[in-house]
Amino acid sequence: GENVEQHPSTLSVQEGDSAVIKCTYSDSASNYFPWYKQELGKRPQLIIDIRSNVGEKKDQRIAVTLNKTAKHFSLHITETQPEDSAVYFCAAGLSGGYNKLIFGAGTRLAVHP
Amino acid sequence: GAVVSQHPSRVICKSGTSVKIECRSLDFQATTMFWYRQFPKKSLMLMATSNEGSKATYEQGVEKDKFLINHASLTLSTLTVTSAHPEDSSFYICSARPTDILSYEQYFGPGTRLTVT
């Protein structure tokens with residue numbers, strides 16, 4: 001089955017700096033890689049996702065890259081702001097139907113003013 | 001769009017009793033819903049995949065007789081924690097995937113915090 005590893009577990013940056021979170025997956029059949037942001041006591045919110053037919057996707061200050069050969073994908077946040085502080089989870093899986101997502105262990109990001 | 005609700009948001013029950021948690025997709029149909037458990041400062045642990053009109057698929061190590069799942073309609077799945085024990089205390093979150101063979105996204109409910117005393 002799929003296994004997802006996520007690093008680092010904690011990340012502390014100064015406001016305005018960039019933050020990078022990396023994940024690796026084991027199942028080469030996986031074709032969907034979402035990233036979720038979870039604030040304390042709240043539901044995970046999808047912030048960006050990438051499908052296996054593209055290598056990079058960007059949405060304002062957030063970007064995700066995918067290297068299918070190496071089986072790893074990364075989240076990049078530029079110009080970080082204090083409100084970016086949260087736990088970020090990567091996930092990998094197959095699209096559609098009953099297919100499940102496997103989540104990484106999470107990265108606790110702290111952005112200091 | 002793509003809103004998922006959960007009820008109740010918090011529940012406290014005594015050991016030995018059963019608790020039912022509802023997960024609803026409010027503005028879309030979901031053939032498949034997922035139930036997760038999350039411990040403090042930990043990741044989302046998939047418990048089971050709930051399929052409308054059929055039996056749920058449980059992950060290894062999850063007791064199906066303890067965590068009963070019923071997906072009676074395309075907008076509702078329920079998780080019943082039977083004979084609850086203090087170690088069942090946790091944050092339970094559901095997610096729903098729109099009924100579309102090509103759908104990718106899962107949308108999460110707000111979670112239910114269960115405390116067993």
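The sections below set out a description of the structure shown in this document. Everything numeric here is computed off the predicted structure, so don't read it as measured data.

Examining the pairing of strand β11 (residues 112-116) of chain B
All names here are of chain B.
Here is step 1 of the chain: Residue alternation in β11 divides its side chains into a buried set, Thr112, Leu114 and Val116, and an unburied set, Arg113 and Thr115.
Here is step 2 of the chain: In the sheet, strand β2 (residues 10-13) pairs with β11 via four bridges, with the strands oriented parallel. Its bridge partner being in β11, Ile12 is matched across the sheet by Thr115.
Here is step 3 of the chain: Sheet topology note: the strand β9 (residues 90-97)/β11 ladder contains three bridges and is antiparallel. Of the residues in β11, the one forming a bridge with Ser90 is Leu114.

Some remarks on the environment of Pro82 of chain A
Here is step 1 of the chain: Secondary-structure assignment places Pro82 of chain A in the loop between β8 (72-77) and β9 (86-93).
Here is step 2 of the chain: The contact partners of Pro82 of chain A, leaving out residues within four places of it in the chain, are Glu15, Val111 and Pro113 of chain A.

Focus: the interface of chain A and chain B
Here is step 1 of the chain: With 24 residues of chain A in contact, the opposing surface of chain B contributes 26 residues.
Here is step 2 of the chain: Surface buried jointly by chain A and chain B totals about 2000 Å² across both partners, of which 54% is contributed by carbon and sulfur atoms.
Here is step 3 of the chain: Considering only the surface of chain A that becomes buried against chain B, Arg43, Tyr98 and Phe103 of chain A emerge as the three largest contributors, covering 27% of it.
Here is step 4 of the chain: Across the chain A-chain B interface, the total number found is two salt bridges.
Here is step 5 of the chain: Here Glu59 of chain B makes a salt bridge to Lys100 of chain A, at a shortest N to O gap of 3.0 Å.
Here is step 6 of the chain: If you look at where chain A meets chain B, you find seven residue pairs in polar contact (both at pLDDT 80 or more).
Here is step 7 of the chain: Breaking the side of chain A that touches chain B down by element, the ones donating at least two residues are β4 (32-38), β5 (45-51) and β10 (101-103) of chain A.

What to know about the sheet that holds strand β1 (residues 4-7) of chain A
All names here are of chain A.
Here is step 1 of the chain: Ordered by their spatial adjacency, five strands build an open sheet running β1-β3-β8-β7-β6, and the pairing between neighbours is antiparallel. Sheet topology places β1 and β6 (56-59) at the edges, where each strand pairs with a single neighbour. Each strand of the sheet is rotated relative to its neighbour by a mean of 15°, with strand direction disregarded.
Here is step 2 of the chain: Note that strand β7 (residues 62-67) and β8 share six bridges and pair antiparallel.

Parameters at a glance
Residues numbered from 1 in each chain as written. Chains lettered and ligands numbered in written order. Predicted model: local features only at pLDDT ≥ 70, side-chain atom pairs only at ≥ 80, totals over all residues. Heavy atoms only, no water. Buried < 20%, exposed > 50% of the residue type's maximum accessible area, 1.4 Å probe, protein only. Helix = DSSP H or I, 4+ residues; strand = E, 2+ residues; numbered from the N terminus. Pairing = 2+ DSSP bridges. Contact = heavy atoms within 4.5 Å. Buried area = accessible area lost by both parts, 1.4 Å probe. Salt bridge = Lys/Arg side-chain N within 4 Å of Asp/Glu carboxyl O. Polar contact = N/O pair within 3.5 Å; in protein donor to acceptor, adjacent residues only side chain to side chain. Axes fitted to C-alpha atoms, helices over the stretch in contact; angles between N-to-C directions.

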